[in-house]
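Examination of the molecular architecture
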Amino acid sequence: MVVRSRVVGCGGYLPARVMSNAELAQRIDTTDEWIVQRTGIRQRHVAAEGELTSDLAYHASRQALERAGVSASEIDLIVLATTTPDETFPATATRVQARLGMTGGAAFDVQAVCTGFIYGLAIADNFIKVGQAKTALVIGAETFTRILDWNDRGTCVLFGDGAGTVVLRAESGQGTVKDRGVLSTHLHSDGREHDLLYVDGGPSSTGTAGHVKMVGKEVFRHAVSKLSSVIDESLEKNALTADAVDWLIPHQANKRIIDSMANRLKLPPEKVVSTVERHANTSAASVPLAMCAAIEDGRIRPGQLLLLEAIGGGLTWGAGLVRY
Ligand code: ACO
């Protein structure tokens, strides 16, 4: 008997405030043209004062539960990926748990920066496969703009805030059941590359949250090679070739990185979900937000094969194949 984690619902939330490239150009030495050419980003959403990561995560999760037709009391696991938790402790996941009205199950945070959602998906899928959870929320949520140095034009133009949630449910059986759900996940990290992308603060080092530091060109180089290799790994593991992929749902960091992955897979732009133009890089929220956008507008249909991938600070990187 095969147990699979089926995606039964999806929700997304973006803060109301939109910041355009033109607005940024009034504050720092940059231009809309530079940002669009190098990254594909035209705007980003920014959380309001007092709007927390848990607020974004809650709204995305409520929508996902409603769409799935699942009540909060059925959830027995929340895995929330974030780099910008409400507090150093407790886990932001527990705040979402309380707000959803849940009194049972387990809730915890995962930190893998922009790869966080893929890590969360892998963890929840494994909990489900071994029978330790039946219905899980996997959330990617960030108020990433709070850890930006707004004077560093090399980083502050790249990021935005948002949250995305996927509801996974255990389904066991044979025939079609065994073919739908998370097929496999593939996680990697290499701590030697810390200095390429990190935050210069934290509770145990400076006692402050710190700001993002990045060696952009190097991160770009690693992104292209590491994402290529983890994509190959995921396809090989499932004895699939790139032409079986219906949708590439990449981490939304940079249009040039996304295009390079699509070219490698020989996927036309119509098969690539891209939200980077409107959302910018929302770190752990980027993949679930993109996935939800394409489910919501009907592009992704039941039975289609989705290839998810991401890379982030650590470095961490990973991929997941999901039959929707
Ligand atoms: N506006 C105008 N000029 C700028 C800006 C800006 N916002 N930022 C940098 N520049 C200037 C630089 O100062 C530099 O000027 P100089 O030549 O006079 O010194 C010039 O543009 C080129 O700078 P580079 O950093 O070499 O530009 P590059 O072509 O590498 O593009 C970018 C920078 C967009 C950051 C690119 O390296 C990139 O996308 N890297 C990947 C980053 C990424 O995806 N990070 C996220 C992945 S991991 C995660 O999601 C956490």
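Residues numbered from 1 in each chain as written. Predicted model: local features only at pLDDT ≥ 70, side-chain atom pairs only at ≥ 80, totals over all residues. Heavy atoms only, no water.

Some words on the nonpolar core
- In this structure, Phe144, Val157, Leu235, Leu248, Leu265 and Leu307 are the most contacted members of the largest nonpolar core, which totals 44 residues.
- Looking at this core, the element that brings in the most residues is helix α7 (residues 216-237), giving six residues.
- Each of two domains, domain 1 (2-173) and domain 2 (181-323), supplies a minimum of three residues to this core.
- Apart from the residues within four sequence positions on either side, Val157 is in contact with Leu24, Ile28, Thr30, Ile35, Ile41 and Arg44.
- Ala112, Ala136, Val138 and Ala294 belong to the second-largest nonpolar core, a separate cluster that totals 33 residues. (Core = buried A, V, L, I, M, F, W, Y, C linked by side-chain atoms within 4.5 Å. Buried < 20%, exposed > 50% of the residue type's maximum accessible area, 1.4 Å probe, protein only. Helix = DSSP H or I, 4+ residues; strand = E, 2+ residues; numbered from the N terminus. Domains from an automatic or database assignment. Contact = heavy atoms within 4.5 Å.)

Considering the state of the cysteines
- Scanning the entire structure with this criterion turns up one disulfide.
- Take Cys156: it sits in no disulfide, and the sulfur closest to it among the cysteines is that of Cys114, at 16 Å.
- According to the relative accessible area criterion, Cys156 is buried, its value standing at 0%. (Disulfide = S-S within 2.5 Å.)

Brief notes about the site of the ligand
- Near the ligand lie 24 residues; those nearest to it are Thr30, Arg38, Cys114, Asn254 and Asn281.
- Note that a nitrogen atom of the ligand is positioned 2.6 Å from one of the side-chain N or O atoms of Thr30.
- Backbone polar atom of Gly216 to a nitrogen atom of the ligand: 3.0 Å apart, as the coordinates give it.
- Out of a free accessible area of 1000 Å², the ligand has 75% covered by protein chains. (Near = heavy atom within 4 Å. Polar contact = N/O pair within 3.5 Å; in protein donor to acceptor, adjacent residues only side chain to side chain. Areas by Shrake-Rupley, 256 points an atom, 1.4 Å probe, with all protein chains shown as cover.)

Examining the domain arrangement of the protein chain
- According to the domain assignment, the protein chain consists of domain 1 (2-173) and domain 2 (181-323).
- Here the C-alpha centroids of domain 1 and domain 2 sit 14 Å apart.
- Listed per partner, the contact involves 54 residues of domain 1 and 48 residues of domain 2.
- The junction of domain 1 with domain 2 conceals about 3900 Å² of combined surface from both sides, 67% of it contributed by carbon and sulfur atoms. (Buried area = accessible area lost by both parts, 1.4 Å probe.)

Quick notes on unusual backbone geometry
- Residue Phe89 is joined to Pro90 through a cis peptide bond whose omega torsion reads 0°.
- Positive phi, normally seen in glycine, also occurs at Val113, with a value near 50°.
- Mapped onto the secondary structure, Val113 falls in the loop between β5 (106-110) and α5 (116-129).
- On the accessibility criterion, Val113 (18% relative accessible area) is buried.
- Even without being a glycine, Ser283 presents a positive backbone phi close to 55°.

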